[in-house]
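Here's the letter readout for the chains.
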Amino acid sequence: MKFVFDWLDDRSGYRNLLHEVLYEKVPGGARWRYVWGSCLTFAFFTQVVTGTLLWMFYSPSAQTAWESVYFLQYQVWGGWFLRGVHHYMAQAMIVLLVLHLMQVVIDGAYRAPRELNFWFGALMMGVTLALSLTGYLLPWDQKGYWATAVATNLMAEVPWIGPALQKIVVGGVEYGHHTLTRFFALHAGVLPAMLVGLVVVHIYLFRKHGIHVKEPRPKKDSYFWPDQILKDAIACLAVLLAVVGLTLYFRGAPLGPPADPANEFPARPEWYFLFLFQLLKYVPAFWGAVIIPAFLVLWIFLQPFIGISRPGHQINIGFWWTLIAGSVALTLLAFAEDRANLRHSAALEEANWQAERVLSIVQDQGIPPAGAVTLLRSDHQNRARNLFASHCSSCHRFNGHDGRGYPVDDPQTAPELAGFASVDWVSKLLTHKHYISEEYFGGTAFKDGTMAKKVLAKYTPEETALLPRIATLLSDMAELPYQKPLEEDEREELLALFYNDDLDFQDGLACIDCHDIDSEGDGYAPDLTGYGSNEWTVAFIKNPEDERFYGDENDRMPCYGRDAKLTDEEIQILSDWIRSKPAK
Amino acid sequence: MEGEDTGRRKFIRVATIGVSAACGIFPLASGIPALLDPVKKSAGEQGVEPWSKVTPLASLPEDGSPAKFEVVQEKVVDAWTTYKDIPVGAVYLTRQNNDVVAFNLKCPHLGCAIDYRKQSNDYFCPCHNSSFGLDGSVTTENSPSPRSMDTMETKVEDGFVWIRFQHFRPNVPEKIPLS
């Protein structure tokens, strides 16, 4: 064995090199405060290796990016773990960057003769942030898509070349295949190559000037190997464990619903860019895109010169602490504002629903060549929620919201429709208190109609007690998928009650006096034959002004079919959806 | 005292190498399962190939000379994409008595596409010059192909030819289905 190493050393001189690398002097002994650079190198190394492995699974195009990430996440053995490590190590890298920077600033390691290396470090920080930004888009999910669009729009703020620069990076005017191919080339090729080059220069310059020792020296001098390396390695291990912990805890990196320019999503960048996001609420985009970055670059350039004097050094430290404190404050503010915003949390809920929905569709049907986004677009449940939100929710509610989970600003002026035609829903409808409440007809003309005033309000407690049985009969006709049908004799009995055969109802009108079920007479109120069934519901939505329903008594319900406000297919989708679920 | 110190130094050295090695190996190790996923998956799946409808029997020449057809499968899954009704390969079909024999277009040698030569009425692989008779058997001595052309199960139903389309491991004397 020795012979092989001797042979190799003769030809390469590796022993000298190794000696040089390992026996770097550490004046004042090994210290924990020196570990951040090594941790960052380790983090970058991890990103290169895991990134290369991810490369084997990723396919950058608008129809395959989300799909290939989905496949890795859910179908490939351990794919979620690999992706999780890459995702959380990227976040760890940002934290490490700040720690490294602050250690350099506080120790004054940026001053002569290390100015150049400080500038290189700042450059590396920029490249790392660019890596984060480009990586955020690659899964092509709603979050990455909408947030990155904000970042590339900021690019257009750069004077003169801005719009052209934006087009070059985006690969055109709109986001598409070329945005992904370009971002991927930047993320996996250009930027890592730059960073490798910069790391080499950074370490070379670091070695040239040696460690900047923070006085007073705690111990006698030692060497890089093994004392400092042990501390570095333990710190790296701690980073690694934190990343593995996050990956296991969150079961890998998140994957939202596939990007869809027609499906709104509240754009938020990754948490470490949130302060910039928040800042843009107060300052014009030009400030965020140009003036502030330019000021930062200028400061970083001047910092070694400002720091020549002791007060100057204190100013530098103060500057960075202020910057960090300001960023933390803005970040917390951004979180707090989002948390207080009901629409925002509803939007996140909606995105979660879509993400889960698309997974369950994919499990059933697989992904067509046109991509997973088409599954969601054609999904009846998803379409029904959106149709309800756009066409029904300005008057009706669904579980108190707009069908998708968003709160509605307009007052409710028509019945709550979650659990429509179920026994519970009809039972409540048939109590005077609920009938005239906002939840049912309180916002309509029916509040003061015959049913409210001459029927429900007139019944004695004994008669009122019979109404839940009428509700059971009506609800049975709806044939809801989640309710058990009645036995035939039970139905006959309830029909007799409806027809008032035994004259149970005497104090107000009986049902049959106005409503029909399977009878030839033309009742004055809506015909309840097949009430709540698919046929009844579709016909009702199509034309509530039909004689069969409200006739000219209709309050404000639009005739969606008669007036071609919705297609027959859309009405069918809505009816299916409304009738498919019990209320929450 | 000195012995204690050497013991401590030794521990530091071993600990350093141990922790560094763990950190160094981790990134690659985190992707090894994903990397080996294809091997794991193929080992688990040993299903029977589905029947694919190829062509009306009437479209095959009566005299037993071969004709080439593409095989369209109803559902093909490639990683994340599920395709419907797409070609998965091609076959030569010939009539033999009342049956139909199907040969895979791919040469059993190294997978080039085999031609049918009308003049000499045989099959010929233009890559490495393997040639086969109409019954699929190897005709030349020292043929690069280690076995006859690959046949697959066929049936005729309601006037249509159906096939269980398969590929086989190249360059071995036995016909082993790929899975």
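Thresholds, definitions, all that
Residues numbered from 1 in each chain as written. Chains lettered and ligands numbered in written order. Predicted model: local features only at pLDDT ≥ 70, side-chain atom pairs only at ≥ 80, totals over all residues. Helix = DSSP H or I, 4+ residues; strand = E, 2+ residues; numbered from the N terminus. Rg over C-alpha atoms; globule rule 2.2 N^0.38 Å. Buried ≥ 20, exposed ≤ 12 C-beta atoms within 10 Å, placed from the backbone. Expected span 1.5 Å × (residues − 1). Contact = placed C-beta atoms within 7 Å. Nonpolar A, V, L, I, M, F, W, Y, C, P; charged D, E, K, R; others polar. Axes fitted to C-alpha atoms, helices over the stretch in contact; angles between N-to-C directions. Parallel < 35°, antiparallel > 145°, perpendicular 65-115°, else oblique. Left-handed = near helix turned anticlockwise from the far one by under 90°. Pairing = 2+ DSSP bridges. Core = buried A, V, L, I, M, F, W, Y, C linked by C-beta atoms within 7 Å. Domains from an automatic or database assignment.

(A) Summary view of the overall build of chain A. On a plain count of helices and strands, chain A comes out with 24 helices and two strands. Computed over the C-alpha atoms, the radius of gyration of chain A is 34 Å, more than 25% above the 25 Å expected from 2.2 N^0.38 for a compact globule of 584 residues. A principal-axis box enclosing the C-alpha atoms of chain A has dimensions of 110 × 60 × 50 Å. Looking at chain A as a whole, 35% of its 584 residues are labelled buried.

(B) Focus on helix 5 (residues 79-107) of chain A. Helix length check: helix 5 of chain A, at 29 residues, gives a terminal C-alpha distance of 41 Å against a target of 42 Å (1.5 Å per residue), a fit within 8%. Immediately downstream of helix 5 of chain A, the backbone of Gly 108 of chain A shows phi near 75 degrees, a positive value.

(C) Inspection of the interface of chain B and chain A at higher detail. Counting from both sides, the interface comprises 24 residues of chain B and, opposite them, 30 residues of chain A. Listing elements by their share of the side of chain B that touches chain A, those giving two or more residues are helix 1 (2-29), helix 2 (32-35), helix 3 (37-44) and strand 3 (81-96) of chain B. Here the element with the most residues in the side of chain B that touches chain A is helix 1 of chain B; it accounts for 11 residues. A class-by-class count of the residues in the side of chain B that touches chain A yields 15 nonpolar, six polar and three charged.

(D) Here's a closer look at the packing of helix 6 (residues 115-137) of chain A against helix 12 (residues 285-306) of chain A. Residues and elements named next belong to chain A. One way to put it is that helix 6 packs onto helix 12 with a least axis distance of 10 Å and a crossing angle of 155 degrees. Of the possible angle classes, the one that applies to helix 6 and helix 12 is roughly antiparallel. Of the two elements, helix 6 crosses helix 12, and the hand of that crossing is right-handed. Contacts from Glu 115, Phe 118, Trp 119 and Ala 122 of helix 6 reach helix 12 at Ile 300, Phe 301 and Pro 304. In the contact of helix 6 with helix 12, the residues fall into six nonpolar, no polar and one charged.

(E) Highlighting the sheet that holds strand 3 of chain B. All names here are of chain B. As summarised here, the arrangement of the four strands in space is 2-3-4-8, forming an open sheet in which the pairing is antiparallel. Sheet topology places strand 2 (67-78) and strand 8 (151-152) at the edges, where each strand pairs with a single neighbour. In terms of strand pairing, strand 4 (residues 99-104) meets strand 8 through two bridges, oriented antiparallel. What sits directly across from Ala 102, in strand 8, is Met 152.

(F) How the structure looks around the nonpolar core. Residue and element names in this part refer to chain A. Ranked by internal contacts, the top residues of the largest apolar core, which has 78 residues, are Cys 39, Ala 43 and Val 239. The dominant element in this core, judged by the number of residues it contributes, is helix 5, at 11 residues. Setting aside its immediate chain neighbours within four residues, Cys 39 contacts Leu 96, Ala 235, Cys 236 and Val 239.

(G) Summary view of unusual backbone geometry. Following Ala 112 of chain A, the chain continues into Pro 113 of chain A via a peptide bond in cis, with omega recorded as 5 degrees. Assignment of secondary structure puts Pro 113 of chain A in the loop between helix 5 and helix 6. The step from Glu 215 of chain A to Pro 216 of chain A runs through a cis peptide bond, and the omega angle for that step is -5 degrees. The residue Pro 216 of chain A is located in the loop between helix 9 (177-209) and strand 2 (222-223) in this model. Located in the positive-phi region is Ala 421 of chain A, a residue other than glycine, with phi close to 70 degrees. Following the sequence through the fold, Ala 421 of chain A ends up in the loop between helix 16 (380-392) and helix 17 (423-429). Phi is positive for Asn 129 of chain B, close to 65 degrees, though the residue is something other than glycine. Mapped onto the secondary structure, Asn 129 of chain B falls in the loop between strand 6 (122-124) and strand 7 (131-132). Note on Asn 129 of chain B: 13 C-beta atoms within 10 Å, which makes it partly exposed.

(H) Summary view of the domain arrangement of chain A. Segmentation of chain A into domains returns domain 1 (22-269) and domain 2 (413-578). Taking only C-alpha atoms into account, the centre of domain 1 of chain A sits 61 Å from that of domain 2 of chain A.

(I) Fine view of the pairing of strand 9 (residues 154-157) of chain B. Residue and element names in this part refer to chain B. Pairing of strand 9 with strand 10 (residues 160-164) involves four bridges; the strand directions are antiparallel. Looking at the pairing, Glu 157 lines up with Phe 160 of strand 10. Between strand 9 and strand 10, which pair antiparallel in sequence order, lie two residues; one of them, Asp 158, sits at a positive phi of approximately 50 degrees.

(J) Structural context of the sheet that holds strand 6 of chain B. All names here are of chain B. Across the sheet, three strands lie side by side as 5-6-7; this open sheet has antiparallel pairing. Only two strands of the sheet have a single neighbouring strand rather than two, namely strand 5 (115-117) and strand 7. Judged from the three bridges that link them, strand 5 and strand 6 form a sheet pairing that is antiparallel. Looking at strand 6, one finds that Arg 117 is bridged to Asp 122.

(K) How the structure looks around the packing of helix 3 (residues 35-55) of chain A against helix 9 of chain A. Residues and elements named next belong to chain A. It is the contact of helix 3 with helix 9, at a shortest axis distance of 12 Å, that shows an interaxial angle of 155 degrees. By the criterion of interaxial angle, the relationship of helix 3 to helix 9 is roughly antiparallel. Where helix 3 crosses over helix 9, the handedness of that crossing is left-handed. Along the contact surface, helix 3 presents Thr 41, Phe 44, Val 48, Gly 51 and Trp 55, while helix 9 presents Ala 188, Pro 192, Leu 195 and Val 199.

(L) Structural context of the pairing of strand 2 of chain B. All names here are of chain B. Alignment of strand 2 against strand 3, held across 11 bridges, turns out to be antiparallel. Within strand 3, the residue paired with Val 71 across the bridge is Gly 89. The loop that links strand 2 with its antiparallel partner strand 3 comprises two residues; one of these, Ala 79, has a positive phi angle of about 45 degrees.

(M) Seen up close, the environment of Val 200 of chain A. Considering the arrangement of structural elements, one finds Val 200 of chain A in helix 9. In sequence terms Val 200 of chain A and Arg 11 of chain A are 189 residues apart; their C-alpha atoms lie 23 Å from each other.

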